[in-house]
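Summary of structural features
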Amino acid sequence: MNPQWRHTVNRMLAYSATLVVMLLMWLPVADPLPEIELWYEDKWQHLVVYGLLTWLWFRSGLSAPRAALVVGCCSIAFELGQLLIPYRSFDLLDLVANAAGCVLVMLLLRRTSFRQPGIPA
């Protein structure tokens, strides 16, 4: 695949995934079903989702620190936006989990041999 085309596809995936996360923020929170809950399951989900978003933004052509910064800023905006939604609430621990996902993926990308699409190793 042409590197420029790959870059465009990866950028569109990053934008789309970020939009999906933003739209999910607007959904009402249903009463939890009776089930066994993992230790801080919600925070692990935040860590994974924001880590994946960081990876997608990295794959779109941003450096690892810049990808983490973009996703971190989106995370802050999304969490603060929940203050405006009556059935949602701001949670500082969500921000911590989001930041942890961004930072962990950024560190992984910087310490491994991952390269930007189209850039030779």
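Residue numbers restart at each chain and count upward from 1, following the sequence in its written direction. Under the rules for a predicted model, residues below a pLDDT of 70 receive no local features and side-chain atom pairs below 80 are neither given nor counted, while totals for whole chains, interfaces and linings still include all residues. Side-chain metrics rest on all non-hydrogen atoms present in the structure, leaving aside hydrogens and water.

1. Quick word on the environment of Arg 6
Each helix is a run of DSSP H or I of at least 4 residues and each strand a run of E of at least 2, with the numbering of both proceeding from the N terminus. Note that Arg 6 resides in helix H1 (residues 3–25). Sequence-wise, Arg 6 and Arg 59 are 53 residues apart; in three dimensions their C-alpha atoms are separated by 9.2 Å.

2. Remarks on the environment of Met 22
If you trace the backbone, Met 22 turns up in helix H1. With relative accessibility at 30%, the residue Met 22 sits in the partly exposed group. Considering only alpha carbons, one finds Met 22 and Cys 74, 52 residues apart in sequence, at a separation of 8.7 Å. Only protein chains enter the calculation, and the probe is 1.4 Å; a residue is then buried if its accessible area is under 20% of its type maximum, exposed if over 50%, and partly exposed in between.

3. Side note on helix H2 (residues 41–59)
The span expected for a helix works out to 1.5 Å for each residue beyond the first. Look at H2: 27 Å from first C-alpha to last across 19 residues, which is about the 27 Å you get at 1.5 Å a residue. Residues of H2 that are buried: Lys 43, His 46, Tyr 50, Gly 51, Leu 53, Thr 54, Leu 56, Trp 57 and Phe 58. Any two residues whose heavy atoms approach within 4.5 Å at even a single point are treated as in contact. Residues of H2 that are buried sit in contact with H1, helix H3 (64–81) and helix H4 (92–111). Two residues or fewer past H2, Gly 61 is found with a positive phi of approximately 120 degrees.

4. Looking at the packing of H2 against H4
It is the contact of H2 with H4, at a shortest axis distance of 7 Å, that shows an interaxial angle of 40 degrees. Taken as axis vectors, H2 and H4 run oblique relative to one another. For the pair H2 and H4, the sense of crossing is right-handed. Across the interface between the two elements, Asp 42, Lys 43, His 46, Leu 47, Tyr 50, Gly 51, Thr 54, Trp 55 and Phe 58 from H2 touch Leu 93, Asp 94, Ala 97, Asn 98, Ala 100, Gly 101, Cys 102, Leu 104, Val 105 and Leu 109 from H4. Amino acid classes used here: Ala, Val, Leu, Ile, Met, Phe, Trp, Tyr, Cys and Pro are nonpolar; Asp, Glu, Lys and Arg are charged; the rest, including Gly, are polar. Within the contact of H2 with H4, the residues separate by chemical class into 11 nonpolar, 5 polar and 3 charged. Note on geometry: axes are lines fitted to C-alpha atoms, helical ones only across the stretch in contact, with angles between N-to-C directions running from 0 to 180 degrees. We call two directions roughly parallel when the angle between them is under 35 degrees, roughly antiparallel when it is over 145, roughly perpendicular when it lies between 65 and 115, and oblique otherwise. Two helices crossing with the near one rotated counterclockwise from the far one by less than a right angle form a left-handed crossing, whereas a clockwise rotation gives a right-handed crossing.

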